[in-house]
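Observations on chain architecture
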Amino acid sequence: MKNLKIILGFLLIMMMTLLVTTTGCKKDDSNNPGGGDNPGDTDNVSFLAYYKPGTEQVLGSEKLIALLTVKDGVISYSSYLNAYPQDNMTTNCDINNNIMVLGLNAKDFENKGAYMNLNDDNANYLPVVEASEESDFAYFQTSTGDVADNGMIIYSTATDDKYYGDEYKPYLLRFNPSDNSYDVAISPNSFIASQPEVGNDTEAGLISRTLFASPDGKYAYGQVAGYGVDGGAIHWDFSILFKYDFDQQNYTRLGGPDDNDVTIDAMTSDRRYIIFANHSKKKVLDLQTGNISASDLNTVNVKENSWGKNGCCVGASTGNLYYKDFVNNKETLVCETGYGWAYNAMFSKNEDKIFFCKEGSNGVNYLLVTSGISEGSTYDTIGSFPHEFYDMVIIN
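None of these values were measured; they are calculated from a predicted model.

Considerations on the nonpolar core
Counting 22 residues, the largest nonpolar core has Phe 47, Leu 68, Phe 355, Leu 367, Phe 389 and Met 392 as its most contacted members. Mapped onto this core, the elements with two or more residues apiece are strand S2 (46-51), strand S3 (64-71), strand S4 (74-81), strand S27 (354-359), strand S28 (364-370), strand S29 (379-386) and strand S30 (389-394). If you tally residues by element for this core, the top one is S3, at four residues. The next biggest cluster of nonpolar side chains, apart from the first, holds 20 residues, and it includes Tyr 50, Leu 102, Leu 104 and Ile 395.

Here's the deal with the sheet that holds strand S26 (residues 343-347)
Across the sheet, which stays open at both edges, the four strands sit in the order S26-S27-S28-S29 with antiparallel pairing between neighbours. The open sheet has two edge strands, S26 and S29, and neither has a second partner. Between one strand and the next, the sheet's axes are offset by a mean angle of 20°, whatever the strand orientation. With five bridges joining them, S27 and S28 adopt antiparallel strand pairing. Its bridge partner lying in S28, Glu 359 is registered against Asn 365.

With respect to the pattern of salt bridges
Proximity of charged atoms lets side chains of opposite charge pair with each other. Inspection of the entire model under this criterion finds 12 salt bridges. With its nearest N and O atoms 4.0 Å apart, the salt bridge here joins Asp 245 to Lys 218. Note that Asp 245 is positioned in strand S17 (residues 233-245) and Lys 218 in the loop between strand S15 (212-213) and strand S16 (219-230), a separation of 27 residues in sequence. In this structure, Asp 286 and Arg 272 form a salt bridge, with 2.8 Å as the shortest nitrogen-oxygen distance. Taken together, the residues Asp 286 in strand S21 (residues 281-286) and Arg 272 in the loop between strand S19 (262-267) and strand S20 (273-278) connect sequence positions 14 residues apart. Using a relative accessible area of 25% as the deciding quantity, one classes Arg 272 as partly exposed. Look at the salt bridges and you will find they share partners, linking Asp 146, Asp 149 and Arg 271 into a network.

The rules we used
Residues numbered from 1 in each chain as written. Predicted model: local features only at pLDDT ≥ 70, side-chain atom pairs only at ≥ 80, totals over all residues. Heavy atoms only, no water. Core = buried A, V, L, I, M, F, W, Y, C linked by side-chain atoms within 4.5 Å. Buried < 20%, exposed > 50% of the residue type's maximum accessible area, 1.4 Å probe, protein only. Helix = DSSP H or I, 4+ residues; strand = E, 2+ residues; numbered from the N terminus. Pairing = 2+ DSSP bridges. Axes fitted to C-alpha atoms, helices over the stretch in contact; angles between N-to-C directions. Salt bridge = Lys/Arg side-chain N within 4 Å of Asp/Glu carboxyl O.

Interpretation note: all reported values are geometric properties and have no functional meaning in isolation.
Structure, rendered in structure tokens:
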């Protein structure tokens, strides 16, 4: 296994040890979208964010991951990790119980995944399945990492031809940070071939990049499509949900017998429910009971860090904040925040409030919080921060 310490471009810079840059933005009440005082119980809340330098360059001229901390109505920020995600923090990052997995930005066939314990200063590369041909390259699929409750990491790597990109072959992996061991799942081809929907020329199975871990890391959940090639063109025959058991090395089909055109959307934070669509109709799968229920809700523009035990929170361009309870098939208008998109909505750690952001003027944006998640909740401004921080993810 390659377990490389991230150095130079991927050196971890901790706020308290190196003190690269720390500053704060106090509220500008003349343009404060919430108006009121900082809610006291939101102090000592911390977030990671993607820093993209603009004209102010408050943390320098290089992209990185920043730490933002709330204290006494002031948001302090500092450099945290001299690396940055492939696309954004919400797509390429997952954090669970202080373990973070991150799909890194890279060039020249060097896409890598990193993991780290947020309580120490060590960040390491995740292993990949190496390419078997000299003309191929191996890489981490940057949006696939998911951390189980016990710290195990489910993710996907792939190999492909460097020049033509026509030899794509993905692999499903499980990594154990406690002993640096990893397991590679068997091919899904035999599993696909055993399904009743298989056609005369269904040749193989392809696992999607949306993956989830069971709480104990024993299982991986996702979707796999059966496909074949006819006249040089790929045809997709069916797509089904699966559970993979790394210890027994086998796949199990999930969902109903007619769920054969599925798209997996999300897993709730307690890892009990999977939200998916079949023939574009939303459904909820209870992994404990196997029960499947229909849902009238949708998951448009929902970030991964917006999911709670029963559903998700999401902001709209109207400024409205919604709580979408998929388990009980209920949508709640939590509050109306007025003009401007309520973006980057995310639950507090105990899921009784919603943090969100709004754009301000003069180069600052605002971090706000609701009083609850029920209808008629109020909201307040916590503080302001430079517009160079994006995709905040709550860590405590």
